[in-house]
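Read off the chains here:
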Amino acid sequence: MSLLPELRYPSVPELIASAQALAAQEPGLCSLRQVGVSRAGRPLHLLSVGHARRAVLVVAGAHANEPTGGSTLRVLAERVLAERELRADTSWHFLLCADPDGASLHVTPAPRSLLDYHLGFYRPTGAEQPEWSPSVLPPDRLPPETRALTGVIDELRPYLQVTLHGTDLGGSWVQLTRDVPGLAEPFAKSAAQLHIPVEAGASDAAGWPASGPGVHVMPGPETGAAYPSMPDDARHSTWYHAHRYGGLTAVVEVPMWASDLVDDPAPHPAPAAAMRRLAQRLLRDSLEVERILAEALPRLDGVDGPLLRAARWALELIPGLAEDWVHTPPAATTMAYVGSVDAFGRRLPLRAAAMLLRVLRETDDRAAPRLEQLVADWCDAFAARFRARWVPLEHQVEHQSRTVLVAAQQARERAV
């Protein structure tokens, strides 16, 4: 009998309760232990299944606004426990949530629309994200969540780390710190079976080589960044920490809402002109949020906290990014890539506006209704432009789970 309730986005306490139930059910195979604490003192838990020396580490909750990973982690843990062959020569370790503080601030109900999703939105600054902080902070200032994650990697020395990510609207893709031959075909097959588009030109992987549609391999340090202004660099993230032990990391992204506009490999007729238009819109949208923030700031005297800090950080990224889009040759010239950049350009100011809205609502600020209307209008336009369709949660989880299992199998065969 399954210990899982009907699939939905679980809270961190629910993840812990599920892990405790699994450990109690099979104490000889499973263990649950605390491996660190967050900045606010919340515990970080690791669920382990099996005792083999060769290890896979699966990380959920690295980004607070990407809730699918928690559901996937629970399903994977149950499956590994139930299927002996999956743990015959591999132990599986599941970090339940890499950022429990962030998870406590992002409110994810069963969203019916992009507006529902954004009304509870939170994504911390780069320096406060466990995986990204090493790319923007010196070693002596890393947050405890990052130190806990790298400590687990140091202990387990996994041949594969998988970090479960997601996007609000778009398609599915994989980012690899080293290539995993044999992954691209089953990844594409799974996506097709579940009617999830493959994001063939993901802006997150701009300029990276691909081993197949939607499967991107991170370039070496000698390669320049596609967006030079962006402060975070994947090559300095915790994703590379497994390399010191001969391992690699796979980042598996799945969408909450799908768009069939992000998998078109056809050449764009005028990519540079399109990038300039997207940069102009990005700056225009950002300015609308900046104006509301500037108006409200005198009334927010003494108000501080992660929501306001993250909103301002997102706004600070935008001028440099727009400059990159105008003055740097496009990293790709396909319809899919320009579509992905279009989504990225809508996403940044919308997220800043959504987090600022939460601050204004909490302080009952008079600018809140105007900003709420702006957030609603942008959500509607985003969904309409990309013809957004909800991906059932069970499909999100199944596709992410399949990709993890195939990546583990293919990487294990090459780690022998």
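Residues numbered from 1 in each chain as written. Predicted model: local features only at pLDDT ≥ 70, side-chain atom pairs only at ≥ 80, totals over all residues. Heavy atoms only, no water.

**Thoughts on the packing of helix H7 (residues 271-296) against helix H9 (residues 335-362)**
The relative placement of two packed helices is expressed as an angle between their axes plus a distance between the axes. Between H7 and H9, the least distance of the axes is 9 Å, while the angle of their chain directions is 0°. As judged from the angle between their axes, H7 and H9 are roughly parallel. Within the contact between the two elements, H7 uses Pro271, Ala274, Met275, Leu278, Arg281, Leu282, Asp285, Ser286, Val289, Ile292, Leu293 and Ala296 and H9 uses Tyr337, Val338, Val341, Asp342, Gly345, Arg346, Pro349, Ala352, Ala353, Leu356 and Leu360. When its residues are assigned to classes, the contact of H7 with H9 shows 17 nonpolar, two polar and four charged. (Axes fitted to C-alpha atoms, helices over the stretch in contact; angles between N-to-C directions. Helix = DSSP H or I, 4+ residues; strand = E, 2+ residues; numbered from the N terminus. Parallel < 35°, antiparallel > 145°, perpendicular 65-115°, else oblique. Contact = heavy atoms within 4.5 Å. Nonpolar A, V, L, I, M, F, W, Y, C, P; charged D, E, K, R; others polar.)

**Quick notes on the pattern of salt bridges**
Scanning the entire structure with this criterion turns up 21 salt bridges. Arg42 is the partner of Asp101 in a salt bridge, and the nearest nitrogen-oxygen pair spans 2.8 Å. Residue Asp101 is located in helix H3 (residues 100-105), and its partner Arg42 is located in the loop between strand S1 (30-37) and strand S2 (43-49); the two are separated by 59 residues in the primary sequence. Among the residues examined, Asp101 registers a relative accessible area of 10% and is labelled buried. Put simply, Asp89 and Arg412 hold a salt bridge, and the shortest N to O gap is 3.7 Å. Here Arg412 lies in helix H11 (residues 393-415) and Asp89 lies in the loop between helix H2 (68-82) and strand S4 (91-95), a separation of 323 residues in the sequence. In this structure Asp89 comes out as partly exposed when scored by relative accessible area, which is 35%. Through salt bridges with shared partners, one network takes in Arg39, Glu128, Glu145 and Arg309. (Salt bridge = Lys/Arg side-chain N within 4 Å of Asp/Glu carboxyl O. Buried < 20%, exposed > 50% of the residue type's maximum accessible area, 1.4 Å probe, protein only.)

**A word on the environment of His51**
With respect to the helices and strands, His51 occurs in the loop between S2 and strand S3 (55-59). Judged by its relative accessible area of 64%, His51 is exposed. Measuring from C-alpha to C-alpha, the distance between His51 and Leu29 comes to 7.3 Å, with 22 residues separating the pair along the chain. Once residues within four sequence positions are removed from consideration, His51 is found in contact with Gly28, Leu29 and Ser91.

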